[in-house]
Amino acid sequence: MHIAMIGSGYVGLVSGACLADFGHHVVCVDKDADKIRGLNNGKSPIFEPGLDDLIARNTRERRLTFTSELATPVAEADAVFIAVGTPSRRGDGHADLSYVYAAAREIAAAIAGYTVVITKSTVPVGTGDEVARIIHEARPDAEVAVVSNPEFLREGAAIHDFKLPDRIVVGSEDEHARKLMGEIYRPLYLNRSPILYTSRRTAELIKYAANGFLATKIAFINEIADLAEQVGADVQDIARGLGLDNRIGSKFLHPGPGFGGSCFPKDARALLKTAQDYGVPLRIVEAVITANDIRKRAMARKVSSVFGGSLRGKVIAVLGLTFKPNTDDMREAPSISLITALQDMGAKVRAFDPAGMEQAKLVLPDVTYCDGPYSCADGADGLVIVTEWEQFRALDLEQMKQRIACPILIDLRNIYSDDDIDRHGFFYVGLGRATPDKIVRL
Ligand SMILES: NC(=O)c1ccc[n+]([C@@H]2O[C@H](COP(=O)([O-])OP(=O)(O)OC[C@H]3O[C@@H](n4cnc5c(N)ncnc54)[C@H](O)[C@@H]3O)[C@@H](O)[C@H]2O)c1
């Protein structure tokens, strides 16, 4: 099968490399010439575990190539995936579909013979209809089926998720297109990943409903953490007590500084906008967005409360900047709002992240970036863990204590427990785990 992947970012590049690994011939296209130049020189533009090896193997075996010129690979392709960005539109929070529609116009101009055009980008309901209209208007002669095939991979575990997905959603009413999609993903459902065939609009909405639901789980446990803190309960045990119930499940029940990243915030906003356009209230999603926005700055107030409500002149060391571990992605990372709020309150911020500092420097310029967790703590008045990278889970607290000015650890991911930390003489603050003097009894 000949495949053209339009857009070679986190999703396009991983999907393209994995599809090549299944044995398809894939050309990854991106209009960012620097990205393509790097890829052609063996340099991946993103940090994603396992991706460099996957790209190297498939380019060596000539199943995977890269270009910034779209016409030839599209003309030669049986299937063309659109995997371009759909960020929030400035001003109103709708998904900005300009990249998708621009890609559709370019594809229309280049298409030759029966081709299936697949939207892998996360797009609001009805976008597939519009992509089909654009292509048919530009090329009434073209034999095209437009399919929705939303992607559910998680950054940091993207290759695993692409190769072992819980399900593959294919939205199309066209029999030929369904068959072709079945061929593309055949290696996966042989591994028992079910393909769910739906209408195009249904597939588009499944993706938003999934992200809206996961965001709701996170926002829910975050609020329960706040309540646990006040009533003297332990949110870790509550999450376990909830998660052991199979109807609920244990995933996405980890309290934290608020969800971020390139998907949940923008997709929740776009889902809400779509619902408003159709006159359907989605009050749960609305509340989730508000609660999450408020939470990010509330975390800075939590830090300041440890210092008696004032951060003026304090130096705060922040460990972890990316929105989650194992990625360099800083899009809408909670660290951005948190650090900005700490600075607004008068703190100076030092920071370390294993992969995200280059991206972080673009959005957080007034931070002292350090080359490791211990140098980050040098002379600091307190340490805040924002992202739960593996290497922060077993810090040498004796070494840390020698370097930090004041042994305070504020753990916004609950990767330590009071007991671990007390032994080393740190004052420890986690989420949703009250110390007895903090309990308010009514
Ligand atoms: N990142 C994730 O974890 C994830 C997971 C599931 C779904 N998604 C969805 O997948 C889509 C892509 O997300 P991403 O994170 O990969 O974005 P990204 O910004 O990393 O990559 C998009 C790429 O598309 C390129 N591009 C834009 N217009 C183009 C055109 N006309 N021709 C060629 N290249 C073009 C850009 O240069 C960029 O490199 C979004 O809709 C996103 O919501 C993302």
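Residues numbered from 1 in each chain as written. Predicted model: local features only at pLDDT ≥ 70, side-chain atom pairs only at ≥ 80, totals over all residues. Heavy atoms only, no water.

1. As for the overall build of the protein chain
Then comes step 1: Along the protein chain, the regular secondary structure elements total 18 helices and 14 strands.
Then comes step 2: Relative to a compact globule of 442 residues, whose C-alpha radius of gyration would be 22 Å, the protein chain shows 24 Å and is just as compact.
Then comes step 3: Expressed along its principal axes, the backbone C-alpha trace of the protein chain runs to roughly 75 × 50 × 40 Å.
Then comes step 4: The proportion of buried residues among the 442 residues of the protein chain is 54%.
Then comes step 5: A separation threshold of at least 6 residues defines the contact pool for the protein chain, and within that pool the share at least 24 residues apart is 73%.
Then comes step 6: Total accessible area on the protein chain is roughly 19800 Å²; 52% of this is exposed by carbon and sulfur atoms.
Then comes step 7: If the 52 positive side-chain charges of the protein chain are averaged to one point and the 58 negative ones to another, these points end up 2 Å apart. (Helix = DSSP H or I, 4+ residues; strand = E, 2+ residues; numbered from the N terminus. Rg over C-alpha atoms; globule rule 2.2 N^0.38 Å. Buried < 20%, exposed > 50% of the residue type's maximum accessible area, 1.4 Å probe, protein only. Contact = heavy atoms within 4.5 Å. Areas by Shrake-Rupley, 256 points an atom, 1.4 Å probe, with all protein chains shown as cover. Lys, Arg positive; Asp, Glu negative; His and termini not counted. Charge placed at Lys NZ, Arg CZ, Asp CG, Glu CD.)

2. Describing the packing of aromatic side chains
Then comes step 1: Using the criterion set out here, one finds six aromatic pairs in the structure.
Then comes step 2: Taken together, a centroid distance of 6.0 Å and an interplanar angle of 50° make the contact between F252 and F264 tilted. Note that F252 is positioned in the loop between α11 (235–243) and α12 (264–277) and F264 in helix α12, a separation of 12 residues in sequence.
Then comes step 3: Given a relative accessible area of 13%, F264 falls into the buried group.
Then comes step 4: Arranged with centres 6.0 Å apart and planes meeting at 80°, the rings of F259 and F264 form a pair that is edge-to-face. Here F259 and F264 have matching classes, each one buried.
Then comes step 5: Connected via pairs of aromatic rings, a cluster forms that spans F22, F162 and Y185. (Phe/Tyr/Trp six-rings, centres within 6.5 Å; stacked < 30°, edge-to-face > 60°.)

3. Quick notes on the site of the ligand
Then comes step 1: Close to the ligand lie 26 residues, the nearest being D30, K35, T86, E155 and K266.
Then comes step 2: Within the contact set of the ligand, an oxygen atom lies 2.8 Å away from a backbone nitrogen or oxygen of V11.
Then comes step 3: The protein chains hide 90% of the 830 Å² of surface that the ligand would expose on its own.
Then comes step 4: Here the shell around the ligand is composed, by residue class, of eight nonpolar, eight polar and 10 charged. (Near = heavy atom within 4 Å. Polar contact = N/O pair within 3.5 Å; in protein donor to acceptor, adjacent residues only side chain to side chain. Nonpolar A, V, L, I, M, F, W, Y, C, P; charged D, E, K, R; others polar.)

4. Notes on the confidence of the model for the protein chain
Then comes step 1: On average, the protein chain scores 96 in pLDDT, and the residues at 70 or more come to 98%.
Then comes step 2: Segment residues 438–442: pLDDT under 50, and eight contacts once partners within four positions in sequence are set aside and those in other chains are kept. (pLDDT = per-residue confidence, 0-100.)

5. Regarding the sheet that holds strand β11 (residues 368–369)
Then comes step 1: Here we have six strands laid out as an open sheet, ordered β11-β10-β9-β12-β13-β14, and parallel in their pairing. Of all strands in the sheet, those with a lone pairing partner are β11 and β14 (427–429), marking the two edges.
Then comes step 2: Both strand β10 (residues 348–352) and β11 contribute to a ladder of two bridges, which runs parallel. When the sheet's bridge partners are listed, A351 is paired in β11 with Y369. (Pairing = 2+ DSSP bridges.)

6. A closer look at the environment of D234
Then comes step 1: By secondary structure assignment, the location of D234 is in the loop between α10 (200–231) and α11.
Then comes step 2: The class of D234 is partly exposed, set by a relative accessible area of 28%.
Then comes step 3: Along the chain, D234 and R433 lie 199 residues apart, while their C-alpha atoms are 4.7 Å from each other.

7. Points about helix α2 (residues 33–40)
Then comes step 1: Residues I36, G38 and L39 constitute the buried set of α2. The buried side chains of α2 occupy one side of the element, clustering within an arc of 160° when seen end-on.
Then comes step 2: On its buried side, α2 packs onto α1 (10–21), β2 (25–29), α3 (51–60) and β3 (64–67).
Then comes step 3: The residue sitting at the N-terminus of α2 and contributing the capping side-chain oxygen is D32; that oxygen lies 3.1 Å from the backbone nitrogen of D34.
Then comes step 4: Immediately downstream of α2, the backbone of G42 shows phi near 80°, a positive value. (Arc of directions from axis to C-beta.)

8. Details of α11
Then comes step 1: What α11 keeps buried is the set V235, A239 and G243. Taken around the axis of α11, the buried residues stretch over an arc of 70°, which confines them to a single face. Projecting away from the buried face of α11 at angles above 90 degrees are the exposed residues D237, R240 and G241.
Then comes step 2: On its buried face, α11 is in contact with α10.
Then comes step 3: For α11, the side-chain oxygen to backbone nitrogen distance between the N-cap and Q236 is 2.7 Å, and the N-cap itself is D234.

9. Description of the side chain of R413
Then comes step 1: Take R413: it is sitting in the loop between β13 (408–411) and α18 (418–422).
Then comes step 2: Taking the relative accessible area as the measure of exposure, R413 reaches 17% and is therefore buried.
Then comes step 3: Among the polar contacts listed, one links the side chain of R413 to the backbone oxygen of V386, at a separation of 2.6 Å.
Then comes step 4: Within polar-contact distance, the side chain of R413 engages the side chain of E388 at 3.2 Å.
Then comes step 5: Aside from chain neighbours lying at most four places away, what touches R413 is P255, G256, P257, F323, P334, I385, V386, T387 and E388.

10. Some words on the nonpolar core
Side chains that are nonpolar tend, in soluble globular proteins, to be buried together.
Then comes step 1: Residues I316, V318, L321 and L342 are the most contacted members of the largest nonpolar core, which totals 54 residues.
Then comes step 2: Sequence-distant contacts of V318, that is, excluding residues within four places in its chain, are made with I339, L342, V349, R350, A351, F352, C376, V384 and V386.
Then comes step 3: Ranked by size, the runner-up nonpolar core spans 39 residues in total, among them A17, L54, A83 and A145. (Core = buried A, V, L, I, M, F, W, Y, C linked by side-chain atoms within 4.5 Å.)

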